[in-house]
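In case you want the letters, here they are:
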Amino acid sequence: MSAPGQLEQFEGDATIEKVASLCRRRGFVFPTSDIYGGLGSSFDFGHYGVLLTQNIKGEWQRSMIQERDDMVAIDSAVILNPQVWVASGHVAGFSDPMIDCRTCKLRFRADHLGQSACGKRPSKHPGEHSECDLTEPRHFNLMFETHVGAVRDDASVAYLRPETAQGIFVNFKDVTSSLRVKPPFGIAQIGKSFRNEITPGNFLFRVREFEQMEMEYFVPPAEADEWHRYWIEQRVNWHLNLGVRPSHLRVRAHDASELSHYSSATSDIEYLFPIGWQELEGVANRGDYDLRQHSEASGTKLEWIGHEERYVPYVIEPAIGVGRAFLTFLCDAYDEEVVAERPRTLLRLHPRLAPVKVAVLPLIGRDAAMVEKARPLYEDLRRSMSAEYDDTAAIGKRYRRQDEIGTPWALTIDEQTLADGTITLRDRDTLQQERIPLDGAKQLLQDRLEQPWHPRG
Ligand code: ATP
């Protein structure tokens, strides 16, 4: 990594506002139920947002599950037996300290006052205005409550999961007895989590409903520190291999006062967002906390029983939010430049993350002979990769539309195609155009998708 963690300010053209505006304008992300005034920091994903999200999850699945032989997948329920959350410590301890302002009636996270805006004067922080009247910090549980069944009483209370991890721990026995696993091994899960955050904000950075990609890696206790280091390195490399600039990534170990109730050591992989360094992913050593808690509370022993050994494994957990990764990739990829005196905005996304891999463009949309070549090419390409066909507007405008959604390649069919069967391959990042045979286009793009890719060449 070149000078990792040294920068103090984000380098690039992105701001959270610009990225959010592009996302709305180009159909990636919309504020939820906007026609009714929205719902705080809640968002819906539009077509390109769905494709980008699928690609992020696909890359995680590929590196965490598909390309390994020590990993299995799970998809557990969102609403679990409420005793799970008592045993895990979430009912008693999954809370943030909150402060209310009696003047403006707003509520703030006590540890986020420096990043929050005063209700009376947003240019100041809570407590800085002469009329601020703040309460002492009180603990506020972040879990959303609901009721299961027809009766709404204390016995029917249940929770929307605030993390996917517990759904993994409570399945430990079934997984180890039904699948061929042996420590060190991992169980990986992608799914929705819900937290009633006091101060959501910064677009997708902190929301109340989000998807997490979590993996619990079960190891012999003596090997836990070594595997913790290993997973920090693996996860940093995942981000780098998907094109995140090394100067915008760093690893920061939590000090004792920051550790969660279950953690014996945690390191955050931080990204330098336009709002400063923030947690992108946490890699925790959860020790044997969870398996022991659930063994005790449920009466079912959750332990590893080998031929000659029996122990409660320690657990290493890399956990990342899909939306936070989405925001990271977009901030890193967002670029504005002037080409031939015309401004262009582009997303320099890794081709494997790009929502659309290739656009097929007949130079003249009304030219029947060009369309006759372009449509079959497009229909062939879309069988193996996400492709778009566009025969509207001037070619320059069509290129720019694709640049803004991050499409790495455009194939243009023109007069020469009709004469010699070649087409133009335009590169989003370098703007270089090369002539290639139409027949070999699909294979060429498939090969390029397999190759390593780095931002700005
Ligand atoms: P924070 O301290 O920012 O509240 P956390 O340390 O509680 O976060 P974890 O419980 O470690 O977060 O969650 C793992 C990952 O899930 C985070 O690194 C982040 O990527 C994602 N995540 C957590 N909370 C949110 C949220 N409210 N919105 C979006 N993503 C989130």
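What counts, and where the lines are drawn
Every chain is numbered on its own, with residues counted from 1 as its sequence reads. Given that this is a predicted model, residues contribute local features only at a pLDDT of at least 70 and side-chain atom pairs are listed and counted only at 80 or more, while totals for whole chains, interfaces and linings are drawn from all residues. In this description a helix means any DSSP run of H or I spanning at least four residues, a strand means any run of E spanning at least two, and both kinds are numbered starting from the N terminus. This radius of gyration counts C-alpha atoms alone. The globule rule is 2.2 Å times how many residues there are, raised to the power 0.38. Partly exposed residues are those falling between the two cut-offs: more than 12 but fewer than 20 other C-beta atoms within 10 Å of their own, whereas 20 or more means buried and 12 or fewer means exposed, with C-beta atoms placed from the backbone. We call two residues in contact if the C-beta atoms placed from their backbones are at most 7 Å apart. Pairs of strands are assigned from DSSP output, requiring at least two bridges between the strands. Geometry is summarised by axes, namely lines fitted to C-alpha atoms with helices restricted to the contacting stretch, and by angles between N-to-C directions that run from 0 to 180 degrees. Orientation categories follow fixed angle ranges, with anything under 35 degrees roughly parallel, anything over 145 roughly antiparallel, 65 to 115 roughly perpendicular, and all other angles oblique. Each residue gets one label: Ala, Val, Leu, Ile, Met, Phe, Trp, Tyr, Cys and Pro are nonpolar, Asp, Glu, Lys and Arg are charged, and the others, such as Gly, are polar. These domain boundaries are the output of an automatic or database domain assignment. We count a residue as near a molecule or strand when its backbone-placed C-beta atom lies within 6 Å of that partner. Under the convention used throughout, the expected extent of a helix is 1.5 Å for every residue step, that is, one less than its residue count.

## Side note on the overall build of the protein chain
- Scanning the protein chain from N- to C-terminus turns up 13 helices and 23 strands.
- By the compact-globule yardstick of 23 Å for 457 residues, the protein chain fits well, its C-alpha radius of gyration being 25 Å.
- Along the three orthogonal principal directions, the C-alpha set of the protein chain runs to about 75 × 70 × 55 Å.
- Burial status across the protein chain gives 35% buried among its 457 residues.
- A separation threshold of at least 6 residues defines the contact pool for the protein chain, and within that pool the share at least 24 residues apart is 64%.

## Quick look at the sheet that holds strand β21 (residues 409–413)
- Taken in spatial order, the five strands of this open sheet run β20-β19-β21-β22-β23, and their pairing is mixed. Each end of this open sheet is capped by a strand with a single partner; those strands are β20 (387–389) and β23 (433–437). On average, adjacent strands in this sheet sit at an angle of 25° to one another, irrespective of strand direction.
- With three bridges joining them, strand β19 (residues 358–362) and β20 adopt parallel strand pairing. Residue A359 lies in a different strand from β20, and its bridge partner there is E388.
- Sitting on the sheet, helix α10 (residues 368–381) is in contact with β19, β20 and β21, with an inclination near 165° to β19.

## Side note on the sheet that holds strand β3 (residues 71–73)
- Read from one edge of the open sheet, seven strands run β3-β9-β10-β16-β13-β12-β11, paired in mixed fashion. Single-partner strands in this sheet number two, and they are β3 and β11 (249–253). Averaged over all pairs of adjacent strands, the angle between their axes in this sheet comes to 25°, without regard to strand direction.
- Here strand β10 (residues 209–219) runs beside strand β16 (residues 314–321); their pairing, made up of six bridges, is antiparallel. The partner of Q212 across the bridge, within β16, is G321.
- The strands touched by helix α9 (residues 322–333) are β10, β12 (265–273), β13 (276–287) and β16; relative to β16, the strand with the most contacts, the crossing angle is about 55°.

## Some details on the packing of helix α2 (residues 47–66) against α9
- The contact between α2 and α9 brings their axes to 10 Å, and the two run at 105°. On the basis of their axis angle, the class for α2 and α9 is roughly perpendicular. Contacts between α2 and α9 involve L52, T53, I56 and K57 from the former and V322, A325 and F326 from the latter.
- Grouping the constituent residues of the contact of α2 with α9 by class yields five nonpolar, one polar and one charged.

## Focus: the domain arrangement of the protein chain
- Domain assignment breaks the protein chain into domain 1 (16–94 + 142–330), domain 2 (95–141) and domain 3 (356–450).
- Inter-centroid distance (C-alpha atoms) of domain 1 to domain 2 is 28 Å.
- Across the contact, six residues belong to domain 1 and ten residues belong to domain 2.

## Remarks on the site of the ligand
- Surveying the vicinity of the ligand reveals 16 residues, the closest of which are F210, G282, A319, G321 and R324.
- Mapped by element, the contributors of at least two residues to the shell around the ligand are β10, β13, β16 and α9.
- Sorting elements by how many residues they give to the shell around the ligand places β13 first, with four residues.
- Considered class by class, the residues forming the shell around the ligand number five nonpolar, four polar and seven charged.

## A look at the pairing of β12
- The buried fraction of β12 amounts to seven of the nine residues, a majority that puts the element mostly inside the structure.
- One ladder, built from five bridges, connects β11 with β12; its direction is antiparallel. Bridge pairing in β12 places L249 opposite Y271.
- For β12 and β13, the ladder comprises nine bridges, and the chain directions are antiparallel. Looking at β13, one finds that E270 is bridged to E279.
- Where β12 folds back on β13, the antiparallel hairpin that results is connected by two residues.

## Comments concerning the environment of L204
- Tracing the backbone through its elements, the reader meets L204 in the loop between β9 (185–194) and β10.
- Accessibility expressed as a C-beta count within 10 Å gives 25 for L204, which makes it buried.
- Setting aside anything within four residues of it in sequence, one finds L204 in contact with F43, G323, R324, F326 and L327.

## Things to note about α10
- With 14 residues, α10 should reach 20 Å at 1.5 Å per residue; the first-to-last C-alpha distance of 20 Å fits that figure.
- Looking at the buried side of α10, the elements it contacts are β19, β20, β21, α12 (415–420) and α13 (441–450).

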